[in-house]
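# What the coordinates show
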Amino acid sequence: MLASYCADRVPTGLRHQIRVGYRIRTTAVTLFQERLADPGQWSRLVIAQLRYNPDLHHWKLYCTDRRPLGRWHRYDLAPPAPSIEPLLAEIDNDPIGIFWG
């Protein structure tokens, strides 16, 4: 699910310069974008984080401030969800430009 979501974010003709990926740590999924800065050197920008609460059985969406080593903040425009799909849709829609700029 996440692999296909990330692959679909980048047009085929740009995949040699831009890629979208994810990292899973325990109950959190962090989405990131990488851009080819110099030959062989990729720069990474975090996009969003999805956190699962096993006690409440739901996911919450977080955004980061764009400062170096930015902190995560709860994204209140999307309510908690039992699956990640509605939160991924909110990231795609990005109504206030917090995820994709």
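Here we summarise the structure given alongside this text. (Residues numbered from 1 in each chain as written. Predicted model: local features only at pLDDT ≥ 70, side-chain atom pairs only at ≥ 80, totals over all residues. Heavy atoms only, no water.)

Here we come to the overall build of the protein. Each helix and strand counted, the protein has 2 helices and 5 strands in total. Here the C-alpha atoms of the protein give a radius of gyration of 14 Å, agreeing with the 13 Å that 2.2 N^0.38 yields for 101 residues. Principal axes of the C-alpha set define a box for the protein whose edges measure 45 × 30 × 30 Å. Counting over 101 residues, the protein shows a buried share of 35%. Within the protein, counting contacts between residues at least 6 apart in sequence, those at least 24 apart form 31% of the total. For the protein, the exposed area adds up to about 6400 Å²; of that, 54% sits on carbon and sulfur atoms. The distance from the centre of the 13 positive side-chain charges to the centre of the 10 negative ones in the protein is 6 Å. (Helix = DSSP H or I, 4+ residues; strand = E, 2+ residues; numbered from the N terminus. Rg over C-alpha atoms; globule rule 2.2 N^0.38 Å. Buried < 20%, exposed > 50% of the residue type's maximum accessible area, 1.4 Å probe, protein only. Contact = heavy atoms within 4.5 Å. Areas by Shrake-Rupley, 256 points an atom, 1.4 Å probe, with all protein chains shown as cover. Lys, Arg positive; Asp, Glu negative; His and termini not counted. Charge placed at Lys NZ, Arg CZ, Asp CG, Glu CD.)

The next point concerns the packing of aromatic side chains. Taken as a whole and judged by the stated rule, the model has 2 aromatic pairs. When the centroid spacing of 5.0 Å and the interplanar angle of 50 degrees are considered together, the rings of Tyr52 and Trp59 count as tilted. Plain terms: the ring middles of Tyr75 and Phe99 are 4.9 Å apart, the flat faces sit at 55 degrees to each other, and that makes the pair tilted. Placement of Tyr75 in the loop between strand 5 (72-74) and helix 2 (85-93) and of Phe99 in the segment after helix 2 is noted, with a sequence separation of 24 residues between them. (Phe/Tyr/Trp six-rings, centres within 6.5 Å; stacked < 30°, edge-to-face > 60°.)

Turning our eyes to something else, we now look at the environment of Thr26. Along the chain, Thr26 falls in the loop between strand 1 (18-25) and strand 2 (28-38). Judged by relative accessible area, Thr26 falls into the exposed class, the value being 80%. Taking the C-alpha atoms as reference points, Thr26 and Arg9, 17 residues apart in sequence, are found 24 Å from one another.

Take the sheet that holds strand 5 next. As summarised here, the arrangement of the 5 strands in space is 1-2-3-4-5, forming an open sheet in which the pairing is antiparallel. At either margin of the open sheet sits one strand with a lone partner, and together these are strand 1 and strand 5. Each neighbouring strand pair of the sheet contributes to a mean axis angle of 30 degrees, computed without reference to strand direction. In terms of strand pairing, strand 1 meets strand 2 through 8 bridges, oriented antiparallel. Within strand 2, the position partnered with Ile24 by the bridge is Val29. (Pairing = 2+ DSSP bridges. Axes fitted to C-alpha atoms, helices over the stretch in contact; angles between N-to-C directions.)

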